[in-house]
Each structure stands twice: as C-alpha cells, then as structure tokens.
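Listed below are the residues making up each chain.
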Amino acid sequence: MALGTDDVDVIPEVERGLGNTYIIDNKTYVSRDEVYDGYKCADRGMILPFVSEYTWPIEVRAFLYLVGLLYCFLGVAIIADIFMGAIEKITSKTRKVYLTSEKEDEPEVIEVRIWSDAVANLTLMALGSSAPEILLAIIEVIANKFEAGALGPGTIVGSAAFNLFVISAVCVLSIPNGESRRIKDIKVFAVTAVFSIVAYVWLLIILKAVSPNEVEVWEAAVTFLMFPLLVLLAWLAEKNFCGVPNKTDTSKQIELGNFQPGRWRYQPSMIIIGSSNHTVNPNSSSCCGKILKLCGLELRSESNADKFLRDRQYFRDGRLDRDGLVAFIKEVKNYPGLTDEDAAILAASKLVESQSHSRMWYRVGAVRNMTGGRKTQPQLSTKLKVRLSQYLHSVYNAMNEHPDAPTLGEVPQVKPHQNAVIDFHAASCAVMEDIGKFKVALCRSGRLDNRVSVRVETIDGTATEEQDYMPINEVITFEPEESEKFVEVEIINDNQWEPDEEFFLKISLLMSAEEREGVQLGRISIMEITILNDDEPGIVMFQKRGFLVKESIGNAVIPVVRKNGADGEITVKWRSIDKTAVSGKDYTGGEGVLTFKHTEIEQNIEIPIIDDMTPEKDEHFEIELFEPTGGAKIGQINRTAVTITNDDDFNNVLNNMMQMTNANIHAMQVHHETYVSQIKDALNVNGGDIENATAGDYVLHFLTFGWKIIFALVPPPSLLGGWLCFIISLVCIGLLTAIIGDLASIFGCLVNLDDAITAITFVALGTSLPDTFASRAAAVQEKYADNAIGNVTGSNSVNVFLGLGLPWFIASVYHYAKGTKFKVAAGTLGFSVGLFSGLCIITIALLMARRVFSVFGKTELGGPTGPKICSGIFMIMLWFIYVLVSAFQTTGYFDF
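What you see is a predicted model; the values in this text were computed from it and never measured.

Caption draft 1: View of the state of the cysteines. Counted according to the given criterion, the structure contains one disulfide. Two residues, Cys-41 and Cys-749, share a disulfide whose sulfurs are 1.9 Å apart. Classification of the bridge connecting Cys-41 and Cys-749 rests on its S-S torsion, roughly -80°, and on that basis the disulfide is left-handed. Here Cys-41 is found in the loop between α2 (32–35) and α3 (58–91), whereas its partner Cys-749 is found in helix α18 (residues 723–750), with 708 residues between them in sequence. Among the residues examined, Cys-41 registers a relative accessible area of 5% and is labelled buried. We classify Cys-749 as buried; its relative accessible area is 14%.

Caption draft 2: Quick look at the side chain of Arg-562. Note that Arg-562 resides in strand β22 (residues 555–563). Here Arg-562 falls in the buried class, since its relative accessible area comes to 3%. At 3.0 Å, the side chain of Arg-562 forms a polar contact with the backbone oxygen of Lys-597. Apart from the residues within four sequence positions on either side, Arg-562 is in contact with Pro-537, Ile-539, Asp-567, Gly-568, Ile-570, Phe-596, Lys-597, Thr-599, Glu-600 and Ile-601.

Caption draft 3: Molecular detail of the pattern of salt bridges. One pass over the structure, following the stated rule, counts 12 salt bridges. Lys-437 is paired through a salt bridge with Glu-488; the nearest N and O atoms lie 3.9 Å apart. Here the residue Lys-437 occupies a position in strand β13 (residues 437–446), and Glu-488 occupies one in strand β16 (residues 484–490), the gap between them amounting to 51 residues. Residues Glu-479 and Arg-451 are paired through a salt bridge, measuring 3.1 Å at the closest nitrogen-oxygen approach. Of the two residues, Glu-479 sits in the loop between β15 (473–478) and β16 while Arg-451 sits in the loop between β13 and β14 (452–459), which places them 28 residues apart along the sequence. Look at the salt bridges and you will find they share partners, linking Arg-575, Glu-622, Glu-624 and Arg-639 into a network.

Caption draft 4: Quick peek at the packing of aromatic side chains. Counted by the stated rule, this structure contains 15 aromatic pairs. Aromatic side chains Phe-195 and Phe-801 sit 6.2 Å apart centroid to centroid with 90° between the ring planes, which places their arrangement in the edge-to-face category. In this pair, Phe-195 sits in helix α6 (residues 186–210) while Phe-801 sits in helix α21 (residues 792–803), placing the two residues 606 residues apart along the sequence. Among the aromatic residues, those joined into a ring-pair cluster are Phe-165, Tyr-200, Phe-836 and Tyr-882. Geometry around Phe-626 places Arg-575 over its ring, the cationic atom sitting 4.0 Å from the centre.

What counts and what doesn't
Residues numbered from 1 in each chain as written. Predicted model: local features only at pLDDT ≥ 70, side-chain atom pairs only at ≥ 80, totals over all residues. Heavy atoms only, no water. Disulfide = S-S within 2.5 Å. Helix = DSSP H or I, 4+ residues; strand = E, 2+ residues; numbered from the N terminus. Buried < 20%, exposed > 50% of the residue type's maximum accessible area, 1.4 Å probe, protein only. Polar contact = N/O pair within 3.5 Å; in protein donor to acceptor, adjacent residues only side chain to side chain. Contact = heavy atoms within 4.5 Å. Salt bridge = Lys/Arg side-chain N within 4 Å of Asp/Glu carboxyl O. Phe/Tyr/Trp six-rings, centres within 6.5 Å; stacked < 30°, edge-to-face > 60°. Lys NZ or Arg CZ within 6 Å of the ring centre and 35° of its normal.

Next up, the structure:
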C-alpha cells in the first residue's frame, strides 16, 4: 500500500523500515514517493489513469488528457440531451380544465401544465443544465474521503462567472440592430438575481467570518435549505401573491384571405394577381407576404410590419387544430409549385415557431447542432429552398423588365453592421384625391452612429406631376441616432373624374463619394402611391368571377366592390340564379339590395349554404347585380358563380395534411418515445434527415458517434413518465463527471496549473458552452429575454445551494460524527467568491440600468448599437478581470 509523507505525520506508532518503507501494526507500507517517483501526476485521479503512462512524455500525456477532456465534454452534452428529454417529458404533464361553450352538451376543454414555469426552471431544468458542475463537486468530496477539494467549488464559481458575464454579453450583442428584448417576468428575475448575490455573499461569510476555514453542519444546512426557499419565493413571485397581476399578451389567430390562382406579374415590391389588379404587399398578412416571411427568403430587411406579422399566429397556442390548418393550407397552396409535403413541412415549421419554448428546448437544440444530431427546428429541404429562391428572384427580375416601372437592378446586399440602411416604411400606399398633404415615413436601420443623407424624388406613373401631385426632389438628412424621417407629399384635387392613378417615390444616394460613405439603400427604395379618384359614385362589380366554398361553411360571403369613385350613397340590387345547385335545397337564395354609404367601397352578400351531410357532386349557382342607383354603374364582372364542393374530398386532403404535419412535429420532439427511434437517431447523421445534413454535421456525427451509440441504450423518456430515463441519465452524467474531474486534475497538474485555475477556465468553459449557444438562440428567436438571461441568475444560485450545500452538508455531518472538523481553505476560494460577488453586483446593476434608461433603449438585450456594443464589451472584460485576478491570487502574486 502507498503511504504519503503527510499520512506519516498524523498516524501514530509509525516505524521506519528499509528504504522508503514504513511499518504500521506489523504491516509494511511503501512510500508514495517510491511508487510514483518520476511518474508525474499519476496519483491525482480517482479513476484514471487506466493504464501505465510511466514511459510517456509529459507533453504527449498533457495533449491526450486535453483531447480526452474535450471529448468527454461532448459526451456529457449528449447524455445531458437525453436527460433534458426526460425532464421535458416530466414537466410537460398537463391536466384538463373544462370551460363553458356555446354548445351546452359539449364544454370546451383546455389542457394546463401542472408544473409551474418558475418551479420547473429552478428545479429539474436547472439541475439538467448544471448537473455536471453539481455532480463534480459531490464526487470530489466523496473521492477525497469527505475532505474539501478545489476543482468542484472552483468549477461552480467559474461557471457562474462565465454564465453571468459572457453569456449575458453574447445575448446583448446577438440581437439584430434595431431590435430589443426585455425580461417579461421581472419579479421572478428579481428574486433569482437577489439570491444569486446572496448565495455567494453567504459563502464569503461562512468561509471568512463565522467559522474561518471551516464549514459547520448548520452552515451547510442553511446553504442547502436556501434552495427550497428560492423555489418558494420564485413561485410566489410568478403567481403574483404580492403585487399587480402581470399583463400577458393573448394569442390571436389571423383570418386568412382567399386568392384565386392566376397570372402573377410584379410591380415595385407588390404582386399583382390575375386580371383583377389585386395588390399584395410583401409586408402585409396576405399570401405572398406571409410566404416571404415564413420561408426566410425576404427580398428586404425586416420592418415593423414584419414584426407585427411575426407576432401573429396561424395556430392558437402553438397547437395543431383543424381550422388553423385549413387556413394555413389555403394560404400556402396559392403559392406556385408547393406540394402537399412542402405545405406540411411549412405548417410544422409555423407550429414550432408559434409554440412557447423553454430554455431546455434551446439547450437541446444547441447540443444537437454541436453534435450533428436531429434538429429541434424544422428544416426546409434544399430543393424547396432553391425553388422558392428562384421564384422570388424571377419575379424581382420581372419587375425590373416591366416597361411602366422603374428599374431596381439586382437584389441589393444589405450590410447593416457597416452602413446605415435607408428605405421606406412600406412598399405602397393609397390615398384619396382630396387628401391634400400627407407624410411618408423613411426608416433608418443598421448603423446609427453617423450622419447620412439621401435624395427623395418623385417619378411619374399614370399620374403626372403638376397635374395630379406636386413634384418632390429634396435631400433628407438623418442625424446620428435618428431612425425616422418624413417626406410631405401633396396631392392635387382637380374635381374631375379620372381612373385611379399612381406615381412613385424613389430614394437614391447622393452623387459624391464622400456623401455615399456609410449609407446604402434598403430593400424598399421605391414606393408606389395610388391616387384614388373620389369625384364619382363609381362602378359596382363582384370582386371575382367565381368563388369556391365547402358545403359545411355555413354562410358564403361574396364581396361586392365599388371602384373609380366613392362619392355619395348608392344602391344596387342582387339576385341568385339556380344552376346545378337549387335554392331551398342546396342554398338559401333570393334577392336583396346592397347600400354603399358615402366613401364606402366594399359590401358583402351572405348566402346561407345548406349542409345535407350526404355525398354528392360539386354544384353551383350564380349571383347577378342589376339596377344601380345614385349615379353608379355596373362594372365588368356583373355576375359571379358560387361552387359548393363536397366536404368528403376536402376532408381526405385535410386528414392527409394533418397526418403529415403531425409526423413532422413528432420528428422534432426533444425526447424519443421508443428505443427504435432513439437508436435510429444515434446511428444516422442529422437524425436521419440526410438531405439537409451539412458537411459539418457529418464531421460532428463522426466525432460523437461512440457516445451516441452508448447513450442510445438509456431507457427512452416514454417509460415510467420519464423518471427512469431521468435517474439513469443522472447516473451516467455522474460517471462521466468523475472521469472529467480526473482528466481536468491530471491535465492541470501536467501543465503546472492549480486545480482552482483549471476549474475556472477549462472545466467552466466546457460545461457552460452549450448554455452559451442555447442562450444566444433564445435571445435571437424569442420575443422576451427570460429564456436567454432570465434563467442565468437562477442557475447560478442553484449551483451554490445544491453543488456546494449538499456535498458540504454530507461532509460536515460525516466529520461531526467522527468528532473532527470539515476544513475548507478560505484563501483561493474565498478570494474568488468575493471577487465574483462584487462583479456580479456590477453586472446585474448594468442590466437593470439598461432596462430603465433610454440611452440603452430601456431594454436588457439589444437596443441602440453604440450602448449595446459597449455593454457587451464591458461584461466580457469583467470575465477576463475575474479569471486573471483569480489566477494571479492562486499562483501567489498577492494574498487575500
């Protein structure tokens, strides 16, 4: 047995033997120096080394241990992915709540999650993201025979520093220019922020003040019991037991319009459908506008209209329901070339986008991106992307070739980080002829810290300057930090009837190279202004020549429009005409009168459709307009056909679409239901989605293939409600963490790094890297900052309460039972904790200042470019200060 010099000093009745041997109770012990002479750092591991490395060069050993450390970090990330899937399964349990509805015998049923968000985030989810750090501290104490070590506590404090300083900085800097993210549940954040400071201040108190260099049982117990106290107070804050109820946004569902497929032609940033001159703005909630936004293939940078659209939902609460899918299918099927499979993928994509996601979901996605695994977000196939991209660029080129429209040239490449980007707020607008003067907004995005100028001028269309509008040719100047300017446009009212006319406003750069520096045009550099004639009663006509309705629609709504004038009150009569559909049997027809008040331009005819619940062929009837009054005339489309389709075919298509959409949604779950799907994902790159796999996915899949196969044997979360997977995954994380502890300790020893320095650098970075990518993704994709930085403070608190409170409590009880003291050296750890506590207060104060002061945009993340960059750099500098100063103190440059 090997015996060290320190052991000899504390063991009584030790007799010196031959050479470097000792005799205790008639048993001979060999000196540790004799055993490990020339075998550097071989005694630092609990499990490692597995084989003798006595003859290996130290440089080779150090390199291999570093590679092994990094490789084990990947392994921990993969098993943590499965662990998170178990947590998702556990926390996703719901209960049914019954509400009153219009139907007395069919109450509305909704499902409500059992787990509180605050409780789930601070218990299972915090444990999931911090399990390696917590288990490392526990294993280290047990492996050291219930004596304190430096690696576990150092990793917890170092990880907390990286999380708060670096992750917060990354999230602040990652928000696109012109956007911002605020913490929504500020009360819960306040509780976790206070506890994150209290936790480390309390450590400093027990290490330096109450019982220096010693942790007593009551101190460890108080540290551990702060964890349930934190959870309780966060839950009370979430439930708002003390204060005004939080205002939450209600989900809204868009009613989507129907457009008949027809000939498409392009005008400046507008799409013309068929011959009815129905214009569709890409910023609007119409078909093409949503497809541009949905597929991420916009021809311009995101504007306020896009942000408004992004907040709307096709599917209420992110759930797949029949009505939402019907509306969505009608929307996307109007887009040329889309198959049912493509529509199902797009529907699944929108569903995932509509759902609220936890930090765990983003962490799982980050890990899978790092390991070439199955993605949590839907991916459009390469063929679909190419098809959509080619189509969008073809209509853009067609617009350039249109003889009546200004040429825009190639799609401009926007560089918002280098230049100020100037464009119009919208691509088109329509005004009445008697409006006089009105203002048009110019928006500035991208770079905001410079002074830039552009020229705005008018271009004739069918409307001519001096006769229909006053010409404009002026230079607009944006001062630094100024993001909006207005141009005043004047319309001439000539009191003569004429058809609707249009002209264009154009933004262009100034001529000199100096004035062009630091500025560029955005995607909407030309705006179409339509002058609506208001000097005539107008003509009345149907909007389209035909309408298609399903038998179960209830009432068919047929729009009648008034064009070329809206003066005065007019009326027009209508009547239904039987064809293959018969009034009284298939629909309720008759006659009626539509009345248009002064300036009204659209009215609807509602025809009740009779659903006889029997399969039959499609039938149709017609509606005719006649006898207008008030000076109005009947337009070209005076008769329209209404076709009633049998629901059976529609239902078959819909059911097929729902099955395909559900299959796509199921494929993107963070957890697996069966061993088969779990093993299949482990064996295949990108979870089997080879078509969308990149070269990077193949490389990462190859590097992590061994870990994936091993951990695919863990029971899937579908068994026993996820708890079996939870427990076994936790055991696997513990085993890997023990190996990581040995690797880190031996590597630090080989390169002459103290365990405390190794902990706050290599180990802290390795365990926190997945959280960094997850927080960045949450910051960019989420509407609020809660999932990005709101959980950082809570996780830092849980690390102390569980990662130090639990092992210290176990060790202190052990020593108390033996009548000894649990010694914890306050030197390096106390200094590190004290330094972090001070910098932590500064960082949280900065985040709150960003929330309050307008110079930061009154937002925690994003905001004005200059303050955003300064805040991010400042927080990263705090992390470097923490690491460097802690390292200098550990190596003895100064004492504390």
